[in-house]
Amino acid sequence: MLLQTLVTCLAGCAFILSPVSEGCGPGRGYGKRRSPRKLAPLAYKQFSPNVAEKTLGASGRYEGKITRNSERFKDLTPNYNPDIIFKDEENTGADRMMTQRCKDKLNSLAISVMNLWPGVRLRVTEGWDEDGHHSEESLHYEGRAVDITTSDRDRNKYAMLARLAVEAGFDWVYYESKAHIHCSVKSDHSVAAKSGGCFPGEASVTLEGGGHKSMSDLRPGERVLALAGGGGELAFSEVLTFLDRDPGTWKLFYTLQTAAGARLSLTAAHLLYVTEGNCSEGAEPARGALRTVYASDAGPGQCVLVSEGEVGEGRLSQITQVSVKGGRGAFAPLTQQGTLVVDGVVASCYAVLDQHSLAHWAFSPLRLIHSLTGSKGSHKDGVHWYARILHWLGGKLLGSGRLHPLGVAQGDR
């Protein structure tokens, strides 16, 4: 009953919110353009979100001080944005050093400041601290926190500056002092781990008519090799849209290497096909022998379905090694079959939910939209609106036990 309710809700949302309604005229399809959302300044001593800074719902736990001699120093990057003023009291450039996530949010905030107050720039008074001037376990020691003001030091602006920092995506913002706003972010690797389900941009798919194409270059409407049946049959299937597409992000990927030489990289929460029990290298899978597991649950000894790039039957190959490494880009194409062959290994298009057949059913309204409209789907950056609705409803109706714990970063933006 819960599953029927889930799919019914999704179907209704799909047709109400479908891209068909997003016309080319002003606003959302037809009618008046929406008024800009009014931003509410933070109150003095208010913090957002309303939880402690070093909790999962905010910037996460302290991971240890970074010094210039530590291995983690390479994780910090200098920020030379000319639209940001760095106080740099120490004259060492330390305030410019920060994690990539902190840098991205700070640069975004700098644009907002100039847009709201022409002629005013963002000013950083404290960044990475290598001298021990902050309290114990301060995120300043990891390059994950900054204290900010405006360049004109007009304290009447600081309440709205705090709100702009929240909108820019900082994971925790605190109107800490009449003299500055404190902002911090999650660690880069914790954000990368909480990844949804994606493949790296360099991953390759097989196109109909021969040839290969990287995920970063793949477009809706193209046909790629996919699993077409429960017995291991492979056929070409149309790419309808992307459930997630973020070329610039950095994520952690599980890399599975097989005895046949195939090497597949995908995020922890993504589903792929394995066989139950023992398998023979190079054999065809028995009907019903394939099941899906999270990439984080796949291990040596299990067999995956591999392909040499042609339609027909896939072959089994044993996983020999599993490793975790970082990679650039996050891409999750959706095909009509709900499957695809990536770097020679058969995988599901779905993630986070623990069962491929249920996920495929839940996404049926989205596939129906594309069938009825002939739409080739948008491949704009970000998570697809339908996938966001699905995850929210799934959490409400199915419970967290059916969802991968690293599926979506808590509080991530």
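What you see is a predicted model, and the numbers here were worked out from it, not measured in a lab.

Peer 1: Any chance you could explain the sheet that holds strand S8 (residues 180–184) here in plain terms?
Peer 2: In sheet architecture, strand pairing relies on hydrogen bonds along the backbone and comes in two forms, parallel and antiparallel. What the six strands build is an open sheet, ordered S1-S7-S8-S6-S5-S3; its pairing is mixed. Of all the strands in the sheet, just strand S1 (47–48) and strand S3 (84–86) have a single pairing partner and so form its edges. Inspection of the sheet shows S1 paired to strand S7 (residues 172–177) by two bridges, in the antiparallel sense. Residue Phe47 lies in a different strand from S7, and its bridge partner there is Tyr174. With respect to the sheet, helix H2 (residues 100–116) is in contact with S3, strand S5 (122–126) and strand S6 (145–150), its orientation differing from that of S5 by roughly 140 degrees.

Peer 1: Looking at this structure, how should I read the nonpolar core?
Peer 2: Residues Phe199, Met215 and Leu272 are the most contacted members of the largest nonpolar core, which totals 50 residues. For Met215, the residues in contact, after removing those within four places along its chain, are Phe199, Pro200, Gly201, Ala203, Val205, Phe242, Phe331, Pro333, Leu340 and Val342. Core analysis: the next-biggest nonpolar cluster, separate from the first, contains 30 residues, Ile84, Phe86, Val166 and Val185 among them.

Peer 1: Teacher, can you tell me more about the side chain of His180 here?
Peer 2: Mapped onto the elements of the fold, His180 is located in strand S8. Among residues more than four places away in sequence, those in contact with His180 are Asp147, Ile148, Thr149, Tyr158 and Tyr175.

Peer 1: Explain the pairing of strand S18 (residues 315–335) here, please?
Peer 2: Sheet faces and side chains relate simply in a regular strand, where the side chains alternate between the two faces. In the sheet, strand S12 (residues 233–258) pairs with S18 via 15 bridges, with the strands oriented antiparallel. Paired with Thr255 across the two strands is Ser323, which belongs to S18. Where strand S16 (residues 303–306) meets S18, four bridges bridge the pair, whose relative direction is antiparallel. Following the sheet pairing, Val304 is matched in S18 by Ser317.

Each value, and the rule that gives it
Within every chain, residues take consecutive numbers counted from 1 along the sequence as written. Whole-chain, interface and lining totals are the exception, using all residues; otherwise, since this is a predicted model, local features are given only for residues with pLDDT of at least 70 and side-chain atom pairs are given and counted only at 80 or more. Side-chain numbers here rest on the full set of heavy atoms in the structure, without hydrogens or water. By the convention used here, strands pair only if DSSP detects at least 2 bridges between them. Strands here are runs of E lasting at least two residues and helices are runs of H or I lasting at least four, both read from the DSSP assignment and numbered beginning at the N terminus. Here, two residues are considered to be in contact whenever any of their heavy atoms come within 4.5 Å of each other. Here the axes come from fitting lines to C-alpha atoms, over the contacting stretch only for helices, and the angles between their N-to-C directions go from 0 to 180 degrees. In this text, buried Ala, Val, Leu, Ile, Met, Phe, Trp, Tyr and Cys residues form a nonpolar core when linked through side-chain atoms within 4.5 Å. Three exposure classes are used, based on accessible area relative to the maximum for each residue type with a 1.4 Å probe and protein chains only: buried under 20%, partly exposed in between, and exposed over 50%.

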